[in-house]
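Take a look at the letters that make up each chain.
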Amino acid sequence: MSRIFSFHGGIHPPENKKQSLGANIRLAPIPAQLILPLQQHIGKAALPCVAIGERVLKGQKIAEANGRISSSLHAPSSGVITYIGPQPVPHASGLESDCIVIDTDGLDEWSTLSPIADYLSMNKMDLINHIRDLGIAGLGGAGFPTDVKLHLGDDHIINTLIINAAECEPYITADDALMRERSDEILAGIEIIAHLLKPSHILIGIEDNKPQAIKALDQALRASTLNIDICVVPTKYPSGGEKQLIQLLTGIEVPSGSIPADIGIVCQNVGTTAAIYRAVFKGEPLISRVVTLTGYALGHRQNYEVLIGTPFTTLLEAAEVNRTTLFRLVMGGPMMGIGVNDERIPVIKTTNCIIAATEDEMPPALPAQPCIRCGMCEQVCPASLLPQQLFWFAQGREFDKAKQHNLFDCIECGACAYVCPSNIPLVQHYRFAKSEIRTEEFEQQKASHARIRFEARQARLEREAAEKELRRKERAEAAAKQQAERKLAEATPKELNSDEEKAAQIKQLKTAASVARTKLKKANDALKNAREKGLEGIDKLETTILLLEQKANEAQQAWIDAGGEQS
Amino acid sequence: MMSSILIAVVVLLALASVFGIILGFAAVRFRVEGDPIVEQIDALLPQTQCGQCGYPGCKPYAQAIADGDSINKCPPGGQNTIDALADLLDLEAIPLDAEHGEEKPKTVAYIREDECIGCTKCIQACPVDAILGAAKQMHTVIVSECTGCDLCVEPCPVDCIDMIPLPVTPANWKWPAPVSDPSLILTDRGRGQLLQGASQ
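Note that the structure is predicted; figures quoted are calculated from it, not measured.

Asker: What's the story with the overall build of chain A in this structure? I'm lost.
Answerer: Looking only at helices and strands, one finds 15 helices and 17 strands in chain A. At 44 Å, chain A has a C-alpha radius of gyration far larger than the 24 Å of a compact globule built from 567 residues. Across its three principal axes, chain A shows a C-alpha extent of roughly 140 × 60 × 50 Å. If you take every contact in chain A between residues at least 6 apart in sequence, the share linking residues at least 24 apart comes to 73%. When the accessible area of chain A is evaluated, it comes to approximately 28100 Å², of which 52% is carbon and sulfur surface. Within chain A, one finds 62 positive and 70 negative side-chain charges whose respective centroids are separated by 7 Å.

Asker: Sorry if this is basic, but what is going on with a negative patch on the surface here?
Answerer: Taken together, the side chains of Asp400 and Glu440 of chain A together with Asp83, Asp87 and Asp90 of chain B define an acidic patch exposed on the protein surface. When you line up the elements, Asp83 of chain B lands in helix α4 (residues 78-89).

Asker: How do you make sense of the UniProt feature "binding site: [4Fe-4S] cluster 2" (unreviewed entry) in chain A when you look at a structure like this?
Answerer: All names here are of chain A. Under the UniProt annotation, the feature "binding site: [4Fe-4S] cluster 2" (unreviewed entry) is placed at Cys381, Cys410, Cys413 and Cys416. Spanning 36 residues, the annotated positions come together in the fold, the maximum distance between their C-alpha atoms being 10.7 Å. The class of Cys381 is buried, set by a relative accessible area of 9%. If we skip the residues at most four places from it in the chain, Cys381 touches His8, Gly9 and Pro387. Checked against the element boundaries, Cys413 lands in the loop between α11 (399-404) and α12 (415-419).

Asker: What should I look at first to understand the pairing of strand β13 (residues 288-294) of chain A in this one?
Answerer: Successive residues of a regular strand alternate their side chains across the two faces of the sheet. All names here are of chain A. Counting buried residues along β13, seven of its seven residues qualify, which places the element largely inside the surrounding structure. Of the two faces of β13, the one holding Ser288, Val290, Thr292 and Thr294 and the one holding Arg289, Val291 and Leu293 are both buried throughout. Looking at chain direction, β13 and strand β14 (residues 302-307) are connected through six bridges and run antiparallel. Looking at the pairing, Val290 lines up with Glu305 of β14. Sheet topology note: the β13/strand β17 (residues 353-357) ladder contains three bridges and is parallel. When the sheet's bridge partners are listed, Leu293 is paired in β17 with Ile354.

Asker: Explain the sheet that holds β17 of chain A to me, please; I cannot follow it from the model alone.
Answerer: Note on sheets: strands pair through backbone hydrogen bonds, and any given pair is parallel or antiparallel. Spatial strand order, β1-β14-β13-β17-β15-β16 (chain A): six strands in an open sheet with mixed pairing. Sheet topology places β1 (26-27) and β16 (338-340) of chain A at the edges, where each strand pairs with a single neighbour.

Asker: Explain the packing of aromatic side chains here, please?
Answerer: Working definition: an aromatic ring pair is given by the centre-to-centre distance plus the angle between the planes. Residue and element names in this part refer to chain A. Considering all chains together, one arrives at six aromatic pairs over all chains under this definition. Taking the centre distance of 5.6 Å and the plane angle of 50 degrees together, the rings of Phe391 and Trp392 count as tilted. The class for Trp392 is partly exposed, based on a relative accessible area of 32%. Ring pairing ties together the aromatic residues Tyr119, Tyr277 and Phe281, which thus form one cluster. Sitting over the ring of Phe7, Lys236 keeps its end group 4.3 Å from the ring centre.

Asker: Mind showing me how you'd approach helix α4 (residues 183-197) of chain A here?
Answerer: A turn of α-helix holds 3.6 residues, and therefore any two residues three or four places apart point the same way. All names here are of chain A. Between its terminal C-alpha atoms α4 stretches 21 Å, which fits the 21 Å expected from 15 residues at 1.5 Å a residue. Among the 15 residues that make up α4, 13 are buried, leaving the element largely enclosed by the rest of the structure. Positive backbone phi, at 50 degrees, marks Lys198, one or two positions downstream of α4.

Asker: Sorry, what's going on with the UniProt feature "binding site: [4Fe-4S] cluster 1" (unreviewed entry) in chain A here?
Answerer: Residues and elements named next belong to chain A. Under the local residue numbering, the UniProt record ascribes the feature "binding site: [4Fe-4S] cluster 1" (unreviewed entry) to Cys371, Cys374, Cys377 and Cys420. Across 50 residues of sequence, these annotated residues stay compact in space, with a maximum C-alpha separation of 10.8 Å. Topologically, Cys371 is positioned in the loop between β17 and α9 (376-380). The residues touching Cys371, leaving out its near neighbours within four places in the chain, are Gln388, Phe391, Trp392, Ser422 and Ile424.

Asker: Could you clarify how one ought to interpret the packing of helix α2 (residues 36-44) of chain B against helix α3 (residues 58-66) of chain B in this entry?
Answerer: The description of two packed helices rests on the angle between their axes and on the distance between the axes. Residues and elements named next belong to chain B. Following both chains from N to C, one finds α2 and α3 inclined at 125 degrees, their axes separated by 8 Å at the closest point. By the criterion of interaxial angle, the relationship of α2 to α3 is oblique. The crossing of α2 and α3 is right-handed. In this structure, α2 contributes Ile37, Val38, Glu39, Ile41 and Asp42 to the contact, and α3 contributes Cys58, Lys59, Ala62, Gln63, Ile65 and Ala66. The class makeup of the residues in the contact of α2 with α3 is seven nonpolar, one polar and three charged.

Asker: Before we go on, may I ask you to explain the sheet that holds strand β2 (residues 33-37) of chain A in this structure?
Answerer: All names here are of chain A. With antiparallel pairing, four strands are arranged side by side in an open sheet as β2-β8-β7-β4. Each of the sheet's edge strands pairs with one partner strand only, and the pair in question is β2 and β4 (55-56). Sheet analysis places β2 next to strand β8 (residues 96-104), joined by five bridges and oriented antiparallel. Residue pairing for β8: Pro37 is matched across the bridge by Cys99.

Asker: Would you explain a nonpolar patch on the surface in this entry?
Answerer: All names here are of chain B. A cluster of nonpolar side chains, contributed by Ile7, Val11, Leu12, Leu15, Val18, Phe19 and Ile22, occupies part of the molecular surface with about 660 Å² of accessible area. Residue placement: Val18 occurs in helix α1 (residues 2-29). Among the residues examined, Val18 registers a relative accessible area of 43% and is labelled partly exposed.

Asker: Looking at this model, I keep getting lost on the side chain of Thr81 of chain B. Mind explaining?
Answerer: Residue and element names in this part refer to chain B. On the secondary structure map, Thr81 appears in helix α4. According to the relative accessible area criterion, Thr81 is buried, its value standing at 8%. Within the local environment of Thr81, its side chain forms a polar contact with the backbone oxygen of Gly77, the two atoms lying 3.2 Å apart. Setting aside its immediate chain neighbours within four residues, Thr81 contacts Leu44, Leu45 and Pro46.

Asker: Teacher, can you tell me more about the domain arrangement of chain A here?
Answerer: Accessible area lost upon the coming together of the parts is a frequently used measure of interface size. Residue and element names in this part refer to chain A. Per the domain assignment, the segments making up chain A are domain 1 (18-357), domain 2 (365-464) and domain 3 (502-561). The gap between the C-alpha centroids of domain 1 and domain 2 is 29 Å. With both sides pooled, the region where domain 1 packs onto domain 2 buries about 760 Å², and carbon together with sulfur makes up 51% of that total. Looking at the side of domain 1 facing domain 2, the largest losses of area belong to Gln244, Met335 and Met336, adding up to 49% of the total buried there.

Asker: In this structure, what is going on with the interface of chain B and chain A? I would like to understand it.
Answerer: Contact residues are listed per partner, giving 35 residues for chain B and 33 residues for chain A. Counting each side, the surface lost to burial between chain B and chain A is near 2900 Å², with a carbon and sulfur contribution of 56%. If you look at where chain B meets chain A, you find six salt bridges. A salt bridge links Arg451 of chain A to Asp42 of chain B, with the nearest nitrogen and oxygen atoms 3.9 Å apart. For the side of chain B that touches chain A, the elements supplying multiple residues, two or more each, are α2, α4 and α5 (121-125) of chain B. In the side of chain B that touches chain A, the residues fall into 21 nonpolar, seven polar and seven charged.

Asker: What exactly am I supposed to notice about the domain arrangement of chain B here?
Answerer: Residues and elements named next belong to chain B. According to the domain assignment, chain B contains domain 1 (9-103) and domain 2 (105-168). In this structure, domain 1 and domain 2 have C-alpha centres spaced 32 Å apart. For the pair domain 1 and domain 2, the summed buried surface comes to about 420 Å²; carbon and sulfur atoms form 54% of the total. When the buried area of domain 1 at its contact with domain 2 is split by residue, Thr48, Gln49 and Cys50 rank highest and sum to 69% of it. For the pair domain 1 and domain 2, the number of links is zero salt bridges. The interface formed by domain 1 and domain 2 includes zero residue pairs in polar contact (both at pLDDT 80 or more). Broken down by class, the residue content of the side of domain 1 that touches domain 2 amounts to two nonpolar, three polar and one charged.

What counts, and at which threshold
Residues numbered from 1 in each chain as written. Chains lettered and ligands numbered in written order. Predicted model: local features only at pLDDT ≥ 70, side-chain atom pairs only at ≥ 80, totals over all residues. Heavy atoms only, no water. Helix = DSSP H or I, 4+ residues; strand = E, 2+ residues; numbered from the N terminus. Rg over C-alpha atoms; globule rule 2.2 N^0.38 Å. Contact = heavy atoms within 4.5 Å. Areas by Shrake-Rupley, 256 points an atom, 1.4 Å probe, with all protein chains shown as cover. Lys, Arg positive; Asp, Glu negative; His and termini not counted. Charge placed at Lys NZ, Arg CZ, Asp CG, Glu CD. Patch = residues over 30% accessible without salt bridge, like charges linked within 9 Å, V, L, I, M, F, W, Y side chains within 5 Å. Salt bridge = Lys/Arg side-chain N within 4 Å of Asp/Glu carboxyl O. UniProt positions renumbered as here; feature names shortened; annotations may be inferred. Buried < 20%, exposed > 50% of the residue type's maximum accessible area, 1.4 Å probe, protein only. Pairing = 2+ DSSP bridges. Phe/Tyr/Trp six-rings, centres within 6.5 Å; stacked < 30°, edge-to-face > 60°. Lys NZ or Arg CZ within 6 Å of the ring centre and 35° of its normal. Expected span 1.5 Å × (residues − 1). Axes fitted to C-alpha atoms, helices over the stretch in contact; angles between N-to-C directions. Parallel < 35°, antiparallel > 145°, perpendicular 65-115°, else oblique. Left-handed = near helix turned anticlockwise from the far one by under 90°. Nonpolar A, V, L, I, M, F, W, Y, C, P; charged D, E, K, R; others polar. Polar contact = N/O pair within 3.5 Å; in protein donor to acceptor, adjacent residues only side chain to side chain. Domains from an automatic or database assignment. Buried area = accessible area lost by both parts, 1.4 Å probe.

As structure tokens, then:
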């Protein structure tokens, strides 16, 4: 048994886990309609690869992973695709998102599966691709595509694999039930991950409030050849937070802004290991998961094996909900879960718990009072932040300062709000501040992108204008050159080749000579007229006449020289 | 006596000339190209290049702000931009000048493609090259590049361009600010429900 460390803060809320552990995992009914959101994981939404009206078999791929961080989707039961488009999805906003809807036929007919007989002799990359192809994503809560964590590349050397079985949040017992009943599947899944990552230590972190699960794991472990440590940690919320569990088991704090892989650690949820086992040994894609249905408004509070895409309504009815006492429906745990208004939303890969609470169980929040700076939130913050300071910054919209105080290290566990004597919804303030900062950063990015495009356009327009100007100048120059050449050609009499050209030139010269004569005659008339009437400018006329006479003579001479007399 | 004064003067002059040379060299060697404050202001502006501020683009307005123009002339940026500018320039954050327009939700241009006659006028107007098309061919807007500046709407001879508000999806949805009613004290709890019950 390895040493257990500690993390800062944490709380001990009432566990409320017993109620859902009375019976074994039960199979939930196949609903009439399965609703499968294309985005059930972190990363890009999957791309549908089926058409409306197509019949699909259980386990058939219906949407393809889009990009490196994405996950594919499979039909959880056989049926016909009836709709692809927006549907209410499990999201805090309550908005709609693209989904694939399957009308089930109740036959639950499997497609051909391709299990791997001997994964040890298989190429590692092919094995990871197999896991990716079967849509395995983290079942702990964030839904990070598992294949990315299994294929970290050369820049991350993994020495420690941590299996997160802490399940620290009240009410939720899905992992507990899974460990009690399917510990062999979990162990086999861990072996596959260990084969891929080759870690030197494998630690299973589990809270001490799950003695039966610990026993079951212990028993399964005896058959395993791997060196696995079961680390029983004291029950304290949120010991199941990734960074908190790492600190508990290794004493190392994951630096702000980095991922566990940066310090050589990979965390996998215990449910994910079972999903990996099923994917490899049975060839089954991730089409179902264990969901805790609990809360005093339900008749059967227990864990169910639920097909992904099953609407909440079906599940609530299967658990015999009492609608008169149902006061609040929560998806997830009471600390980090989100309220649900629309019961039509489906179970997705990350849905671990549904709480149908009565009013006594989850009374409405008390009105928030002013912060009295008691500092209790600081005492319990597992990320060692200053919650009240962050609250002031969020409230005053001083997001820069909130960011400087490491707002983004907040894991939104809700411990601060739990102990707040003024009932301030602290986590809501942090979520608000975070989304404001994210939006602002996105806008900034968009603005700088727009600036680059604008500047590129300006540069292009300028270049085009310059090119146009250059072309205009070139044309003008060419024209001037042509003009000059023509003048030069006129000045030097050309060697005339043909008779026709000669004749044409003689004609031209003849015209020129007669024009000159006419001009001279007109000028002489004007002079005569001026002399008779005694007008001014006689001197000018006389000089003009002299010039004209000269020109007329020259023209005449040119004509004669060109042989004009003869023709 | 005289000589010590002389020495002091000479020493100070020597120091002054040495530092003068160093400063003069630094001024030339480490010269900052352009006006960094204009770049900083420009980085805060939304880059819609819409001209609603009265300048032919964001950069000219950034220059104008650096020269002392008021910071509340940018409707696309809205109050957030004004606050950021006030923070940067150590000015007081003032409300948006209504003369230049109101702060509207983010929109993108949409061309009703059946009605488009392919005149290319909107393409020439778009400051970020977000409209695709050719003469006598239908045009369309690249949504991811559109800044919602409005500049393409006016030149369209057949009025086939609409400015549509961006739809809110789970991907771009923002957590709302928690509403708290500071006037309510704990002992008032339930009174609102009683009143509601009475009115029903």
